[in-house]
Amino acid sequence: MTAPTLAPPVPVAPATTAADHAVHDALTLRTLEESLRSVLDQEHRAALVADTAAVAAEGPAALDRRFPAAGRDYGRGPLPGWADWAVEDAVRAVLLLALTRYGTSGAALAREAGERYAHGDAAERRGVLRALPFLPLGDRAVHLTDDAVRTNDNRLIAAALGPYARAHLDQYRWRQAVLKCLFTGIPLARVAGLHERRDAELARMAHGFAAERRAADRPVPADLWTVATLDH
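Residues numbered from 1 in each chain as written. Predicted model: local features only at pLDDT ≥ 70, side-chain atom pairs only at ≥ 80, totals over all residues. Heavy atoms only, no water.

(A) Main features of unusual backbone geometry. In this structure, Asp84 takes a positive phi of about 70° despite not being glycine. Along the chain, the position of Asp84 falls in the loop between α4 (70-74) and α5 (87-102). Even without being glycine, Asp217 reaches a positive phi, approximately 55°. Tracing the sequence through the fold places Asp217 in the loop between α13 (200-215) and α14 (225-228). (Helix = DSSP H or I, 4+ residues; strand = E, 2+ residues; numbered from the N terminus.)

(B) Structural view of the packing of aromatic side chains. What the rule picks out here adds up to 4 aromatic pairs. Each ring, one from Trp85 and one from Phe134, has its centre 6.2 Å from the other, and the planes form 90°; the classification is edge-to-face. With Trp85 in the loop between α4 and α5 and Phe134 in the loop between α7 (122-131) and α8 (142-150), this pair connects stretches of sequence that are 49 residues apart. With respect to burial, Trp85 and Phe134 carry one shared label: buried. Look at Phe183 and Phe209: their rings are 4.8 Å apart centre to centre, the planes differ by 75°, and that puts the pair in the edge-to-face class. (Phe/Tyr/Trp six-rings, centres within 6.5 Å; stacked < 30°, edge-to-face > 60°. Buried < 20%, exposed > 50% of the residue type's maximum accessible area, 1.4 Å probe, protein only.)

(C) Geometry of α5. With 16 residues, α5 should cover 22 Å at 1.5 Å per step; its first-to-last C-alpha distance of 24 Å lies within 8% of that length. The element α5 is largely enclosed, with a buried count of 15 among its 16 residues. Gly103 sits one or two residues past α5 and shows a positive phi near 115°. (Expected span 1.5 Å × (residues − 1).)

See below:
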């Protein structure tokens, strides 16, 4: 018996502008969905199809219970093949993306993502951040990555510095975010696009940070040198 898909065809696609693009392509989304299916049993696969269909049919109101309950309903374990992702992250990404089938796009979609982030707990906020590169938002949700980087929650900071930040965070803010990782002990390997975006100014900042740590007789993060030099 063929497993049901998470995103059945919809006759009318939502209107978007050229700026409202997603970072990830359809193949990456399909990979996420397949990873999610692989860890759900048949009952939960069917439930997710029903939940995404409800969001597509009813819009944001259908998220009010489903989005917070993702961990309880589907599980909080690791998502196979997706480093640092939990099952609930993938469910929340799929649910948010279902809003586009309802017709929510552009600024309205960014506003809905922002509402789920603003009123959610840490897990819900992480789910929004994980979902951002899958949503056709352009740079409309950069303020969410900014907010996450300002927190002291390493889970949120790491989630914020994924492919969405790589694509849309300006270089000044991106450098500050990388430095925040060094301050808080987040492995730099979690920063998407690190080797592509590192530059001489970030190297200078990293050297300054290392000097401050040594002067305070504190350890220097072992991975600091991945940004303190531009050698490839």
